[in-house]
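# Structural features, examined
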Amino acid sequence: ALAEKYRHQGIDVDHNQILITTGGSEAILFAMFSCMNQGDEIIIPEPFYTNYNAFALTAGVVVKPITADIQNGFALPPISEFEKAITPRTKAIMVCNPNNPTGYLYSKDELFQLRELVLKHDLYLFADEVYREFCYGGNEHYSVMKLDGLDQHAIMIDSVSKRYSECGVRIGALVTRNTEILNAALKYAQARLSPP
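We now turn to the structure provided with this report. The structure displayed is predicted, hence computed values, not measured ones.

## Examining empty space enclosed by the protein
Under the counting rule described, the total for this entry stands at one cavity of 30 Å³ or more. Contributing to the lining of the largest cavity are Pro-45, Glu-46, Pro-47, Ala-68, Phe-74, Asn-99, Thr-102 and Tyr-106.

Take a look at the structure:
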């Protein structure tokens, strides 16, 4: 049913490319655990959802923030700033689209720029898209899952908490076409369910 919903939104995935998680928070943790080792770095435009820091700390990942400027409405920082932040330990870039807390909706052009950057440096692109229905002024959300060439790089995080005002229900999803990431995330999920 969830895969069908995504297909109606133009996101071509099937149920084998979705891992249901205990909220979007667990999906982010599983993505970090599956793609990164302790000490690896993830670049996140700030301001960002403060719990990203807690998830990274839990996974042993270092957050490298780059500042989005209020003067241009918190648009995506220049790609040159991302380039400056990339080191040999950089493994991923993360965006929240639309952004929490700024509400900024990344344009197709901005996402295409991130696509080129991710491919150039062989990085993962995490996209927290839990606010995708909260777009105003005639603007439409564009998912990273629609970007060509990112099947092995893109990881979408989703949740029912914002869309249906159901935070306590704790249903999220990790969505990717990368089977290695899904298999690794599934192992973390199974480990959490195993008795001590």
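## A closer look at the packing of aromatic side chains
With the rule as written, the count across this model stands at seven aromatic pairs. Ring plane angle 25 degrees and centroid distance 5.0 Å describe the contact between Phe-33 and Tyr-188, whose orientation is recorded as stacked. Placement of the pair is Phe-33 in helix H2 (residues 23–35) and Tyr-188 in helix H6 (residues 179–193), with a sequence separation of 155 residues. A relative accessible area of 25% places Phe-33 in the partly exposed class.

## Quick notes on the environment of Val-13
Residue position: Val-13 is located in the loop between helix H1 (2–8) and strand E1 (18–21). Looking at Val-13, the relative accessible area reads 2%, which means it is buried. Considered as a pair, Val-13 and Pro-88 are 75 residues apart in the sequence and their alpha carbons are 31 Å apart. Among all residues touching Val-13, those that are not within four sequence positions of it are Ala-3, Tyr-6, Arg-7, Ile-18, Met-145, Val-175 and Arg-177.

## Looking at the sheet that holds strand E5 (residues 124–128)
Ordered in space as E1-E7-E6-E5-E4-E2-E3, the seven strands form an open sheet in which the pairing is mixed. Edge positions in the sheet fall to E1 and strand E3 (62–67), since each of these pairs with one other strand and no more. Direction aside, the axes of adjacent strands within the sheet are offset by 20 degrees on average. Both E1 and strand E7 (residues 172–175) contribute to a ladder of four bridges, which runs antiparallel. Paired with Ile-18 across the strands is Val-175, a residue of E7. Taken strand by strand, helix H5 (residues 108–121) contacts strand E4 (90–96) and E5, and its axis lies near 165 degrees from that of E4.

What counts and what doesn't
- Residues numbered from 1 in each chain as written.
- Predicted model: local features only at pLDDT ≥ 70, side-chain atom pairs only at ≥ 80, totals over all residues.
- Heavy atoms only, no water.
- 1 Å grid on protein atoms, 1.4 Å probe; cavity = no way out; pocket = protein on both sides within 12 Å on 5 of 7 lines; lining within 4 Å.
- Points joined across faces, edges and corners; volume = space filled by probe spheres on them.
- Phe/Tyr/Trp six-rings, centres within 6.5 Å; stacked < 30°, edge-to-face > 60°.
- Helix = DSSP H or I, 4+ residues; strand = E, 2+ residues; numbered from the N terminus.
- Buried < 20%, exposed > 50% of the residue type's maximum accessible area, 1.4 Å probe, protein only.
- Contact = heavy atoms within 4.5 Å.
- Pairing = 2+ DSSP bridges.
- Axes fitted to C-alpha atoms, helices over the stretch in contact; angles between N-to-C directions.

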